[in-house]
Amino acid sequence: MSDDGHFGGRVAATYDESAAEMFEPGVVDPVVDVLAGLAGGGRALELGVGTGRIALPLAARGVPVHGIELSRAMVARLRDKPGGDAIGVTIGDFATAQADGTFSVAYLVFNTIMNLTTQDAQVACFRNVARHLAPGGCFVIEVMIPELRKLPPGQHIVPFHVDATRWGFDTYDVATQEMSSHHLVLEEDGRATYTPFPFRYVWPAELDLMARLAGMRLRDRWEGWAREPFTNDSPRHVSVWEKV
Ligand SMILES: C[S@@+](CC[C@H](N)C(=O)[O-])C[C@H]1O[C@@H](n2cnc3c(N)ncnc32)[C@H](O)[C@@H]1O
């Protein structure tokens, strides 16, 4: 692993293409609608801004966006895009890195809270966000519900994608809440690339407690960005905490 973490040059080079469905307007527009509404007239802070999937369309809506990002390779791809120079970026760990000024909304989407692989780091992230938010400002997280209901006794693997050229599966350690996503891609030359991403899975109630430790309280929880109700069977949640 390089200084860029798990999103170094090789991953950054194909990030947009491999996550192409997440760049579709039908996926991005509802995210931007919610975040622009929460920003009001203020600034937005994206933790793990990546190649600008959300930051760029949010900035195009007139919201000033700043990012915190570990990977210079991901930021280089952001900079290559139209409008990429207008997004200020602080290179560093979003659990601790400081950006200048205060923000109306901070957000952490696409399961990226799970990139922090310890509970301490996740708690530190909430505290860091609270330091950046103006009073009444909001922190938004989009993250999956851990798929433990798919694990029969003795099993610890959940496949999430299988076709002729790509295989993806998650492995769970239910004792430690460690989790890894494993991506195998068969290339045209017949060779395969293997990319593992380590995670720490985290429950909604645990996030609420982290928010409380940081001086925030739950304002909304939805299944998705269209504000669908969060239910017993929701595969993920979009949660909004407000700085008290
Ligand atoms: C799944 S990508 C999401 C990128 C972008 N937010 C999006 O929605 O497309 C996760 C991003 O978070 C960054 N990241 C992961 N852990 C980080 C950390 N501790 N501090 C800063 N950036 C981090 C990665 O480098 C990567 O760019």
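Residues numbered from 1 in each chain as written. Predicted model: local features only at pLDDT ≥ 70, side-chain atom pairs only at ≥ 80, totals over all residues.

Some points on the nonpolar core
With 59 residues, the main nonpolar core has Leu35, Ala44, Val105, Ala106, Phe139 and Val140 as its most contacted residues. If we ignore the near neighbours within four places in the chain, the residues touching Ala44 are Leu35, Ala39, Leu58, Val63, Val65, Phe103, Ser104, Val105 and Tyr107. (Core = buried A, V, L, I, M, F, W, Y, C linked by C-beta atoms within 7 Å. Buried ≥ 20, exposed ≤ 12 C-beta atoms within 10 Å, placed from the backbone. Contact = placed C-beta atoms within 7 Å.)

Considerations on the pairing of strand E11 (residues 236–243)
Pairing analysis gives seven bridges linking strand E5 (residues 133–144) to E11, with the strands arranged antiparallel. Of the residues in E11, the one forming a bridge with Met144 is Arg236. For strand E10 (residues 216–222) and E11, the ladder comprises six bridges, and the chain directions are antiparallel. Residue Trp222 lies in a different strand from E11, and its bridge partner there is Val238. (Pairing = 2+ DSSP bridges. Helix = DSSP H or I, 4+ residues; strand = E, 2+ residues; numbered from the N terminus.)

Details of the sheet that holds strand E4 (residues 103–108)
Pairing within the open sheet is mixed, and its seven strands lie in the order E3-E2-E1-E4-E5-E11-E10. The open sheet terminates on both sides in strands that have one partner only, identified here as strand E3 (88–91) and E10. Neighbour to neighbour, the strand axes of the sheet diverge by 20° on average, direction disregarded. Bridge count for strand E1 (residues 44–47) against E4 is three bridges, and the pairing is parallel. When the sheet's bridge partners are listed, Glu46 is paired in E4 with Tyr107. Across the sheet, helix H5 (residues 119–132) touches E1, E4, E5, E10 and E11, and the angle it forms with E5 is around 145°. Strands E5, E10 and E11 of the sheet are contacted by helix H6 (residues 204–213), whose axis makes an angle of about 150° with E10. (Axes fitted to C-alpha atoms, helices over the stretch in contact; angles between N-to-C directions.)

Some points on the site of the ligand
Around the ligand, 20 residues are found, and the nearest of them are Phe7, Gly48, Gly50, Arg53 and Leu70. Within the shell around the ligand, the residues separate by chemical class into 11 nonpolar, six polar and three charged. (Near = placed C-beta within 6 Å. Nonpolar A, V, L, I, M, F, W, Y, C, P; charged D, E, K, R; others polar.)

Looking at the environment of Gln98
Mapped onto the secondary structure, Gln98 falls in the loop between E3 and E4. Once the C-alpha coordinates of Gln98 and Val162 are considered, the two residues, 64 residues apart in sequence, prove to be 40 Å apart.

A word on the packing of helix H1 (residues 9–18) against helix H4 (residues 72–79)
Direction vectors running N to C along H1 and H4 enclose 35°, while the axes themselves pass 8 Å from each other. The two elements H1 and H4 meet at a crossing, and its hand is right-handed. Here Gly9, Ala12 and Tyr15 of H1 lie close against H4, whose contacting residues are Ala73, Met74 and Arg77. Taken together, the residues that form the contact of H1 with H4 break down as four nonpolar, one polar and one charged. (Left-handed = near helix turned anticlockwise from the far one by under 90°.)

So, to be careful, I would describe these as geometric facts and stop short of saying anything about function.
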